[in-house]
Amino acid sequence: MIRRGLACSLFLLTAGVAFSQPKLEISPARPIDLGDLYTGERVARIVVLRNIGSETLTIGEIKPSCGCTAAMLTEEKTSLAPSDSVQLLIEFNTAGLSGSVTKSVAISSNDPVTPKASVRFFSYIVERLLINPPLLHFYIVDLDSTYTETIRLKNNGKDRPIHFSSVTSNIATLQAHLVKDSLQPGEETHLLTTFRPGG
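Given the structure is predicted, the values throughout are model-derived calculations rather than measurements. (Residues numbered from 1 in each chain as written. Predicted model: local features only at pLDDT ≥ 70, side-chain atom pairs only at ≥ 80, totals over all residues. Heavy atoms only, no water.)

Take the overall build of the chain next. Assigned secondary structure in the chain consists of one helix and 15 strands. When each of the 199 residues of the chain is scored for burial, the buried share is 29%. Of the contacts made within the chain by residues no fewer than 6 positions apart, 64% connect residues no fewer than 24 positions apart. (Helix = DSSP H or I, 4+ residues; strand = E, 2+ residues; numbered from the N terminus. Buried < 20%, exposed > 50% of the residue type's maximum accessible area, 1.4 Å probe, protein only. Contact = heavy atoms within 4.5 Å.)

Structure representation (structure tokens):
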């Protein structure tokens, strides 16, 4: 009977040590839906990192998946006691992006089960100003001729107007005239261009 009692005590002690460990919980756990965004727009979200384990959780490297994303803890606290938490600020810059985009932030910690976790977010990025065609091409021209091209501009946004302050050209022989200097959501206008090779 004494031997059985000793074996039982040792088993309970071993089990207690095995389950005594830190554990990282990320809230929200699901990928974050940023919705529709416009090209050039910046957004920020807060994610909570919590230690739901029974030992101190140490947060290591925090690494965004690309240069369009920045991530940092809102306070200098990388060691979390059991039940303690810290906020992670994620900032996303949509400049130069369009269409469906998915990004992530990798988080390293001493969680023995998931030493490398991640926060994922996604969005559909819309170009606010549509330009058609985006480029003008003048291939073979006569010096004593005049060439005209029309560019369509459309406010592809849903909630804000676009105001044009000026239109300039870095080519002296190319002139441009904007029909309207303001576009409401969904509205279009034309940019009229005139090219005189001979000046």
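On to the packing of aromatic side chains. What describes a pair of aromatic rings is the distance from one ring centre to the other and the angle between the planes of the rings. For the structure shown, the criterion picks out one aromatic pair. Pairing Phe92 with Phe121 gives two aromatic rings, centres 5.2 Å apart and planes at 65°, and the pair type is edge-to-face. In this pair, Phe92 is assigned in strand β7 (residues 85–93) and Phe121 in strand β9 (residues 116–126), connecting sequence segments 29 residues apart. For Phe92, a relative accessible area of 3% puts it in the buried group. The buried category is assigned to Phe121, whose relative accessible area is 4%. Its end group placed over the ring of Tyr38, Arg128 keeps NZ or CZ at 3.9 Å from the ring centre. (Phe/Tyr/Trp six-rings, centres within 6.5 Å; stacked < 30°, edge-to-face > 60°. Lys NZ or Arg CZ within 6 Å of the ring centre and 35° of its normal.)

Now for the sheet that holds strand β6 (residues 79–80). Strand order in the open sheet formed by five strands is β2-β9-β8-β4-β6, with mixed pairing between adjacent strands. Of all strands in the sheet, those bounded by a partner on one side alone are β2 (32–38) and β6. As defined by bridge partners, strand β8 (residues 99–109) adjoins β9 across 10 bridges and the pair is classed as antiparallel. Paired with Thr102 across the bridge in β9 is Phe122. (Pairing = 2+ DSSP bridges.)

Take the state of the cysteines next. Applying the stated criterion to the full structure yields one disulfide. A sulfur-sulfur distance of 2.3 Å marks the disulfide that ties Cys66 to Cys68. (Disulfide = S-S within 2.5 Å.)

Next up on the list: unusual backbone geometry. Here Ser27 and Pro28 are connected by a cis peptide whose omega angle stands at 5°. One can find Pro28 in the loop between β1 (24–27) and β2. Geometrically, the link from Asn132 to Pro133 is a cis peptide bond, its omega value of 0° lying close to zero. By the element assignment, Pro133 lies in the loop between β10 (129–132) and β11 (147–155). Within the chain, Ser83 stands out as a residue other than glycine whose phi angle is a positive 75°. Here Ser83 shows up in the loop between β6 and β7.

By the element assignment, Asp111 lies in the loop between β8 and β9. Lys23 provides the closest opposite charge to the buried, salt-bridge-free Asp111, at an N-O distance of 4.7 Å. A distance of 2.9 Å separates the side chain of Asp111 from the backbone nitrogen of Val113, its partner in a polar contact. Setting aside residues no more than four positions away along its own chain, Asp111 makes contact with Pro22, Lys23, Leu24 and Leu57. (Lys, Arg positive; Asp, Glu negative; His and termini not counted. Salt bridge = Lys/Arg side-chain N within 4 Å of Asp/Glu carboxyl O. Polar contact = N/O pair within 3.5 Å; in protein donor to acceptor, adjacent residues only side chain to side chain.)

Bringing the pairing of β11 into the picture now. Pairing geometry for β10 and β11, over four bridges, is antiparallel. The residue bridging Asn132 from the neighbouring strand is Arg152, located in β11.

Before going further, it helps to spend a moment on the nonpolar core. With 26 residues, the main nonpolar core has Ile26, Val47, Leu49, Leu88, Ile90, Phe92 and Ile107 as its most contacted residues. Looking at this core, the elements with two or more residues in it are β1, β2, β3 (42–51), β4 (57–64), β5 (69–73), β7, β8 and β9. Setting aside its immediate chain neighbours within four residues, Ile26 contacts Val47, Val48, Leu49, Ile107, Ala117, Ser118 and Val119. Counting residues in hydrophobic clusters, the runner-up holds seven residues, among them Ile151, Ile162, Phe164 and Leu191. (Core = buried A, V, L, I, M, F, W, Y, C linked by side-chain atoms within 4.5 Å.)

Any functional reading would require information beyond the geometric quantities listed.
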